[in-house]
Amino acid sequence: MPPTALIPLRAPGAGKSRLAPGLSREERAALAGAMLADVAAALQAAGLEPIVAAAGTEAVAAAAALGLDAVMDQEGAGLDRALADAHHAIGAPRDLLVVMADLPTLSGSDVEVLLAQGPAVVVAPTDDGGTGALLRRPANSIPTAYGPDSAARHIALARSAGVEPAEVDRPGFRLDVDTRADLLHLVERRLGVATAAFLRNSGIADRLRDTG
């Protein structure tokens, strides 16, 4: 059986505060929704049916707009606690894949490469040392440790548990979007359909090019 796939999502517009100097709350919300659509499409292309771990009603609505199932986090819960709660809310499936919602270049082939790895723990780092994806077989093989440098912490946790993890270096997992510099980088990359359309139709791509 394939793993259950969870996508954690903060309230669109409330998150991505480091983009606030250049993007309005509405633009940040629309960008978050577009990236969620592309991440979900990549997981579906790899044969998975993602579930959104939603922080609040706005995040639940964003998932529903894409036809995705969602479970709502306890208000104010950190990401590790929210993911643990979501895991139990959906019936504590044996194997669990967590994929971040802000990976707009993710493709189905990136996900397939990750799923093909043999070890019980598979980590896909982001360029800034975060964890773009974490696969655990079974889900209780290690706890999660999200935050700065979480990829290294997840690798260390696996080794402490006696598991030599696989590390997947794929561009779709590496490029997450947190800052204006990340957005500038996006303009030059092959994007998911929804994110590309949003950047083009909103005029943000042109604004980024003009301001450098």
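Above this text you will find the structure in question.
Everything numeric here is computed off the predicted structure, so don't read it as measured data. (Residues numbered from 1 in each chain as written. Predicted model: local features only at pLDDT ≥ 70, side-chain atom pairs only at ≥ 80, totals over all residues. Heavy atoms only, no water.)

This part takes up the layout of surface pockets. Considered as a void within the structure, the second largest pocket measures approximately 160 Å³ in volume. Taken together, Asp80, Leu83, Ala84, His87, His88, Leu96, Arg136, Ala139, Asn140, Ile142, Pro143 and Thr144 make up the full set of residues lining the second largest pocket. When residues in the lining of the second largest pocket are grouped by element, the largest group, five residues, is from helix 3 (residues 79-89). Classifying every residue of the lining of the second largest pocket by side-chain character gives six nonpolar, four polar and two charged. (1 Å grid on protein atoms, 1.4 Å probe; cavity = no way out; pocket = protein on both sides within 12 Å on 5 of 7 lines; lining within 4 Å. Points joined across faces, edges and corners; volume = space filled by probe spheres on them. Helix = DSSP H or I, 4+ residues; strand = E, 2+ residues; numbered from the N terminus. Nonpolar A, V, L, I, M, F, W, Y, C, P; charged D, E, K, R; others polar.)

The next thing to look at is the sheet that holds strand 3 (residues 69-72). On the basis of which strands lie adjacent, the open sheet formed by seven strands has the order 3-2-1-4-6-5-7 and mixed pairing. Each end of this open sheet is capped by a strand with a single partner; those strands are strand 3 and strand 7 (166-167). Here five bridges tie strand 5 (residues 121-125) to strand 6 (residues 131-136), and the two strands are oriented antiparallel to one another. From the neighbouring strand, Val123 faces strand 6, where its bridge partner is Leu134. Lying over the sheet, helix 1 (residues 25-45) contacts strand 1 (4-9), strand 2 (51-54) and strand 4 (96-99), oriented at roughly 175 degrees with respect to strand 1. Along the sheet, helix 2 (residues 57-65) makes contact with strand 1, strand 2 and strand 3, crossing strand 3 at roughly 170 degrees. (Pairing = 2+ DSSP bridges. Contact = heavy atoms within 4.5 Å. Axes fitted to C-alpha atoms, helices over the stretch in contact; angles between N-to-C directions.)

Next up on the list: the side chain of Thr131. Looking at the secondary structure, you find Thr131 in strand 6. With relative accessibility at 4%, the residue Thr131 sits in the buried group. Reaching out from Thr131, the side chain makes a polar contact with the side chain of Ser150 at a distance of 2.7 Å. (Buried < 20%, exposed > 50% of the residue type's maximum accessible area, 1.4 Å probe, protein only. Polar contact = N/O pair within 3.5 Å; in protein donor to acceptor, adjacent residues only side chain to side chain.)

Formed by 49 residues in total, the largest nonpolar core has its most connected members in Leu43, Val99, Leu114 and Phe173. Not counting residues within four places of it along the chain, the set of residues in contact with Phe173 comprises Val99, Leu103, Leu106, Asp110, Val111, Leu114, Ala124, Pro125, Thr126, Gly132, Ala133 and Val168. In this structure, Leu23, Leu31, Met35 and Leu199 belong to the second largest nonpolar core, which totals 13 residues. (Core = buried A, V, L, I, M, F, W, Y, C linked by side-chain atoms within 4.5 Å.)

What follows deals with the pattern of salt bridges. According to the stated counting rule, one finds seven salt bridges in the structure shown. One salt bridge connects Arg174 with Asp127, and the closest N-O pair in it is separated by 3.4 Å. Here Arg174, found in helix 6 (residues 171-174), pairs with Asp127, found in the loop between strand 5 and strand 6; they are 47 residues apart in sequence, far enough to count as distant. By relative accessible area, Arg174 is classed as partly exposed at 22%. Judged by its relative accessible area of 52%, Asp127 is exposed. A cluster of three or more residues bridged by salt bridges with shared partners is formed by Asp127, Asp169 and Arg174. (Salt bridge = Lys/Arg side-chain N within 4 Å of Asp/Glu carboxyl O.)

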